[in-house]
Every structure is written in structure tokens, then in C-alpha cells.
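# Overview (structure and organization)
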Amino acid sequence: MGTASTRPRPAVSDDTRFFWDGVRAGEFRIQRCAGCGSLRHPPRPMCPRCQSLEWDHVLSAGRGVVHAFAVHHKPALPYLASPFVVAVVELAEGVRYVGNVIGCDPGEVRIGLPVEVVYERYDDDLVLPQFRLVGGAR
Ligand code: ZN
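The sections below set out a description of the structure shown in this document. Just so you know, these numbers come straight off a predicted model, no measurement behind them.

Each value, and the rule that gives it
Residues numbered from 1 in each chain as written. Predicted model: local features only at pLDDT ≥ 70, side-chain atom pairs only at ≥ 80, totals over all residues. Heavy atoms only, no water. Buried < 20%, exposed > 50% of the residue type's maximum accessible area, 1.4 Å probe, protein only. Helix = DSSP H or I, 4+ residues; strand = E, 2+ residues; numbered from the N terminus. Pairing = 2+ DSSP bridges. Contact = heavy atoms within 4.5 Å. Axes fitted to C-alpha atoms, helices over the stretch in contact; angles between N-to-C directions. Core = buried A, V, L, I, M, F, W, Y, C linked by side-chain atoms within 4.5 Å. Domains from an automatic or database assignment. Salt bridge = Lys/Arg side-chain N within 4 Å of Asp/Glu carboxyl O.

Let's shift gears to the pairing of strand β8 (residues 127-133). Of all seven residues in β8, six are buried, a share of seventy percent or more. With seven bridges joining them, strand β7 (residues 114-121) and β8 adopt antiparallel strand pairing. When the bridges of β8 are listed, Glu116 appears paired with Arg132.

Written out as C-alpha cells, the structure reads:
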């Protein structure tokens, strides 16, 4: 008799576990190549610039801008009220992340608006990084 969310869960692999562990700890971790120092997301085993397999991570400040977005109206989803915004956010560190922009009317979202990450907890296990407009933009 749990209250587990029906929202689909991210596929966690050995390459992405550090990221999702970070999210549950309230950290947005960005993979950094130990060979050339470049940042990359989504996480993957090899650096596309220098082919190094060594990496660590840095902590993002969680700030960025809306790079692109779409407003989802249909089909209705059982775990998310429509309409909702799916956005490609460009973080200040230079990597892009796909998430929802929440806490505003979808009609308020525009390309280039500043956003900040929020950690939405759905149940004991599922936490997703989402974004909200900085300052509400109202
Ligand atoms: Zn590299």
C-alpha cells in the first residue's frame, strides 16, 4: 500500500547513477572529463572531444535559460496535468537538460527566459529536476 508515483522513472545505469544520486541529494551534477575538463550531459562513458574514459563531476548552480520548449496538451497523461511545458534548458555551465517548467502558466514561458532548477519529489524514490521561471516572470 505505497503511494508510489505512476510517473515513469529514469533509466539508471552505471553511467548515470551519479547524476540521479545527486538529484536525490538536491544536487545537479554535471559530468566533467578528467582528460580535457569539458562538461557533458547526458552522462556517457567517453569524452566526445578527447576520448578519455576518466571523469568526475561538478555541481551546477542550477541556473539557466529556456533554449527551446513545447507545450503538451494531448494526449492526457495519468501522472501529469495538461497542459504542461517541456523545455530544453541551457544551464549556465553550458550543458542542456530536458525538463518541465513548473509553477507558471504555460503561456508565460518564452525562449531566453531565466529559469532555476527545483527538485520535485514524487515519492520516496523518484525525484526529478524541474525548472521554474526566475522571479515568476509575472
Ligand atoms: Zn575530454
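Once the structure has been displayed, the description carries forward.
Turning next to the sheet that holds strand β2 (residues 39-40). Strand order in the open sheet made by the three strands is β2-β1-β3, with antiparallel pairing throughout. Edge strands, defined here as strands with exactly one partner in the open sheet, are β2 and β3 (55-59). In this structure, strand β1 (residues 29-33) lies alongside β2, joined through two bridges in antiparallel fashion. Residue pairing in the sheet places Arg32 in a bridge with Leu39 of β2. Across the sheet, helix α1 (residues 17-24) lies against β1 and β3, angled at about 150° from β1, the strand it touches most.

Glancing now at the nonpolar core. If you look at the biggest cluster of nonpolar residues, it comprises 24 residues, and the most contacted ones within it are Phe19, Phe28, Leu91, Val101 and Phe131. At the level of elements, α1, β5 (84-91), β6 (96-101), β7 and β8 are the ones that each hand at least two residues to this core. Here this core gathers at least three residues from each of two domains, domain 1 (13-59) and domain 2 (61-138). Sequence-distant contacts of Phe28, that is, excluding residues within four places in its chain, are made with Phe19, Val58, Leu59, Ser60, Leu91, Tyr97, Val117, Tyr119 and Pro129.

Let us now look at the pattern of salt bridges. In a structure, side chains of opposite charge can pair up when their charged atoms sit close to one another. Taken as a whole and judged by the stated rule, the model has ten salt bridges. Among the ionic pairs, Arg32 bridges to Asp56, the shortest N-O distance being 3.0 Å. One end of the pair, Arg32, is in strand β1; the other, Asp56, is in strand β3, and 24 residues separate them in sequence. Owing to a relative accessible area of 30%, Arg32 belongs among the partly exposed residues under this scheme. A relative accessible area of 32% places Asp56 in the partly exposed class. For Glu116, the salt bridge identified is with Arg63, shortest N-O distance 3.1 Å. Placement of the pair is Glu116 in strand β7 and Arg63 in strand β4 (residues 63-72), with a sequence separation of 53 residues. For Glu116, a relative accessible area of 16% translates into the label buried. The structure contains a network of salt bridges with shared partners spanning Arg9, Asp21, Arg24, Asp123 and Asp125.

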